[in-house]
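Results of the structural survey
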Amino acid sequence: MSAKSAFEKARSENRAALVGYLPAGFPDVDGAIEAIRTMVEAGVDVVEIGLPYSDPVMDGPTIQAAAQQALDGGVRTRDVLRTVEAVAATGVPTLVMTYWNPVERYGVEKFAADLASAGGAGLITPDLTPDSGEEWIAAADRHDLDKVFLVAPSSTDERIAMTTAASRGFVYATAVMGVTGARSTTSDLAGPLVARTKSTTDLPVGVGLGVSNGDQAAEVASYADGVIVGSAFVRTLLDAGADRKAGLAALAALTRDLADGVRRG
Amino acid sequence: MSELRFGADERGFFGNFGGRFMPEALVAALDELTVAWQEAMADPEFTDAFEKILREYAGTPSLLYEAERLSKQVGARILLKREDLNHTGAHKIRNVLGQAMLTKRMGKTRVIAETGAGQHGVASATAAAYFGLDCTVYMGAVDTKRQALNVARMQLLGAKVIPVDSGSATLKDAINEALRDWVASVDHTAYLFGTAAGPHPFPSMVRDFCRGIGDEARQQCLDQYGVLPDAIAACVGGGSNAIGLFTAFLEDDDVAIYGFEAGGDGVETGRHAATIGAGESGVLHGARTYVLQDEDGQTIESHSISAGLDYPGVGPEHSHLSEIGRATYLPVTDAEAMDAMALLSRTEGIIPAVESAHALAGALKIAEQLAAEKGPDATILVNLSGRGDKDMGTAIDWFGLGGTEGETEGDDK
């Protein structure tokens, strides 16, 4: 199921969609599944499951720490696919966000086939741009998967047009120049980037810029189709430490706050 | 032979390797850099100024020296390209001066760099001081301990050194951290990439700035000895000194080309940095190349006594040269390299960097067969890419040096 359906549903309710990220295998494989299901029950519309990778150049310390914990715990690519299967069973569009090498290593065609059969919606590829992604684009098209590519404030209009033309599902706008991580201030680069992106496509545009609470989500929701939250969820679980019950409760509370925010935007 | 047998296409691919696998946020900067580099290399004002600063400041052309005593012992003629005599003690100065000049030309005010052994960090700090640029160097926390002297040199030159604790806390993680900095600072900051790896245009650009090594050596060899060498040899971590040497000789089909990778404890132990020899094709730090990786594509930590070779990837042009068979890449263990370091020190009075000692050790390994084929005049040109001053701590530990009288002979352990 394409992520686009969740954006359309949100749009029909006159609100933005809430897109939530957690890495697979964090704190462990079953723990991540439980956490993501908690987020879905509390109001996440689209799920991004991170594939933990040894060299995450676009991630800040929070997501690095979670990914490292998952890798130290022995998470494998097949565990990520099992996580997708368990989460997609809730009916929420479920994408994998991954650096490119693990997919190339698994086999691009095989990854696409296995992701599709697990019920996954597609891939978000932070270090693969469409002009380097012919093999993935062909495999995604064969298996009816979303191709979510990123645009950035530094992207030229020409590159934004090229990127949106190659995308399916939604377009991911990284609205700050920097790595992932919660930020206290919102970005004045986000609005113009969304506007430039929307001028090239009818696809929904999701914005990731370090949103960590409902008020920030409401602000982003005023100009974007989706509010993408990652580090704040990860931080919540990291802060709860070994007390998983408390972690899940905090995760549900944060999700409700954010879900309320996207309805105020 | 076709233009593209060597060199990259317009997307930065050397055959199956290279390219640009990078976040969109950095693509504009990489495009800007590509245009600036290509324009600069076509601008005599830039290339003349580059030659001038290399000559007057870095001390090039470096000597080509016939190591007669070593040759006698080895049974083949060993020529050393003395990049260890360059300002800052290694070939790295060529690359950073080129990139720093380009930074000025592009109007940027700050540079960042990653470093393993510290040689590229020192060279970057030097170039930044010379050109009046702010400089931040990322260095694996493990390496800052192995190479404390180079940390101090960078600081004295005015650079900020940031130890990196993430991942394996070595060169690859320093690159990750530098990329994280760059994505947030790209409007005013240039990334002085330290080796001929990474996304397009770095592999080609770094090769261009380092190729003086081979251009000089080839001409010196003809001028001094009237022949080309039978073989050339360099150590390969990321591979900047190696590609700098190899480029001038690629079309000389009679010159055998050898790259020596860090074999660590031995490739069979799994503790090594022999990326081409034991890795598989993948994507690391923006390029498709050979990578030390597990079944799931997670990067495997490399191991080498040499911080400068301790990298689980390799420049994509080397992957290509290996695949098409133009160059041969072989591992050299820590022990073989340290033996070569001692041998050169005692026969010629030259203490090589432990990185360069890998090239020398490799040359010694191929010398016998080469001499058997070509006779006693068989000539191997070795790139002595850096000097060993920075490696004294390693040498003290390895050879048990610095003890009291009677314990100071430094026999192999």
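Residues numbered from 1 in each chain as written. Chains lettered and ligands numbered in written order. Predicted model: local features only at pLDDT ≥ 70, side-chain atom pairs only at ≥ 80, totals over all residues.

Moving on: the overall build of chain A. A tally of helices and strands in chain A yields twelve helices and nine strands. Over its C-alpha trace chain A gives a radius of gyration of 17 Å, about what one expects of a compact globule, namely 18 Å for 265 residues. In terms of its C-alpha atoms, chain A occupies a principal-axis envelope of roughly 45 × 40 × 30 Å. Per-residue burial for chain A yields a buried fraction of 60% across its 265 residues. A fraction of 73% describes how many contacts in chain A between residues 6 or more apart in sequence connect residues 24 or more apart. (Helix = DSSP H or I, 4+ residues; strand = E, 2+ residues; numbered from the N terminus. Rg over C-alpha atoms; globule rule 2.2 N^0.38 Å. Buried ≥ 20, exposed ≤ 12 C-beta atoms within 10 Å, placed from the backbone. Contact = placed C-beta atoms within 7 Å.)

What follows covers the overall build of chain B. When helices and strands are counted, chain B shows 16 helices and 15 strands. Against the 2.2 N^0.38 benchmark of 22 Å for 413 residues, chain B shows a C-alpha radius of gyration of 20 Å, consistent with a compact globule. Once the C-alpha set of chain B is aligned to its principal axes, its extents read approximately 55 × 55 × 50 Å. Of all 413 residues assigned to chain B, the portion counted as buried reaches 62%.

With that settled, consider the interface of chain A and chain B. Taken together, the contact pairs 32 residues of chain A with 27 residues of chain B. For the side of chain A that touches chain B, the elements supplying multiple residues, two or more each, are α3 (61–72), α5 (100–106), β6 (150–151) and α8 (157–166) of chain A. In terms of residue count, the dominant contributor to the side of chain A that touches chain B is α5(A) (six residues). Of the residues that constitute the side of chain A that touches chain B, the class distribution is 14 nonpolar, twelve polar and six charged. (Nonpolar A, V, L, I, M, F, W, Y, C, P; charged D, E, K, R; others polar.)

Residue and element names in this part refer to chain A. With twelve residues, α3 should reach 16 Å at 1.5 Å per residue; the first-to-last C-alpha distance of 16 Å fits that figure. Taken together, the buried positions of α3 are Thr62, Ile63, Gln64, Ala66, Ala67 and Ala70. Contact partners of the buried residues in α3: β1 (17–23), β2 (46–50) and α11 (231–240). Of the residues flanking the end of α3, it is Gly74, one or two places downstream, whose phi is positive at about 90°. (Expected span 1.5 Å × (residues − 1).)

What follows deals with unusual backbone geometry. Excluding glycine, residues mostly have negative phi values, and the peptide bonds linking residues are mostly trans. The amide bond that connects B:Thr60 to the next residue, B:Pro61, takes the cis arrangement and shows omega of 0°. With respect to the element layout, B:Pro61 can be found in the loop between α2 (44–58) and β3 (64–66). Cis geometry is found at the peptide bond from B:His200 to B:Pro201, where omega equals 15°. With respect to the element layout, B:Pro201 can be found in the loop between β8 (189–191) and α9 (202–210). If you check the backbone angles, A:Asp144 has positive phi at about 60° while not being a glycine. Topologically, A:Asp144 is positioned in the loop between α7 (134–142) and β5 (146–148). Given 13 C-beta atoms within a 10 Å radius, A:Asp144 is considered partly exposed. Of note, the phi angle at B:Thr88 is positive, near 75°, even though the residue is not glycine. Along the polypeptide, B:Thr88 turns up in the loop between β4 (77–82) and α4 (92–105).

Another point: the sheet that holds strand β5 (residues 110–115) of chain B. Sheets are built from strands paired through backbone hydrogen bonds, the pairs being either parallel or antiparallel. Residues and elements named next belong to chain B. With parallel pairing, four strands are arranged side by side in an open sheet as β7-β6-β5-β8. The sheet is open, and its two edges are formed by β7 (160–164) and β8, each paired on a single side. This sheet shows a mean twist of 25° between the axes of neighbouring strands, independent of strand direction. Here β5 pairs with strand β6 (residues 134–140) via six bridges, running parallel. Within the sheet, the bridge partner assigned to Ala113 lies in β6 and is Val137. (Pairing = 2+ DSSP bridges. Axes fitted to C-alpha atoms, helices over the stretch in contact; angles between N-to-C directions.)

All right, on to the domain arrangement of chain B then. Residue and element names in this part refer to chain B. In terms of domains, chain B is made up of domain 1 (29–55 + 91–206) and domain 2 (61–89 + 211–399). Each of domain 1 and domain 2 was reduced to a C-alpha centroid, and the two centroids are 22 Å apart. Listed per partner, the contact involves 31 residues of domain 1 and 34 residues of domain 2. Where the side of domain 1 that touches domain 2 is concerned, the elements lending two or more residues are α4, α5 (119–131), α6 (141–146), α7 (148–156), α8 (171–185) and α9. Within the side of domain 1 that touches domain 2, the residues separate by chemical class into 13 nonpolar, 13 polar and five charged. (Domains from an automatic or database assignment.)

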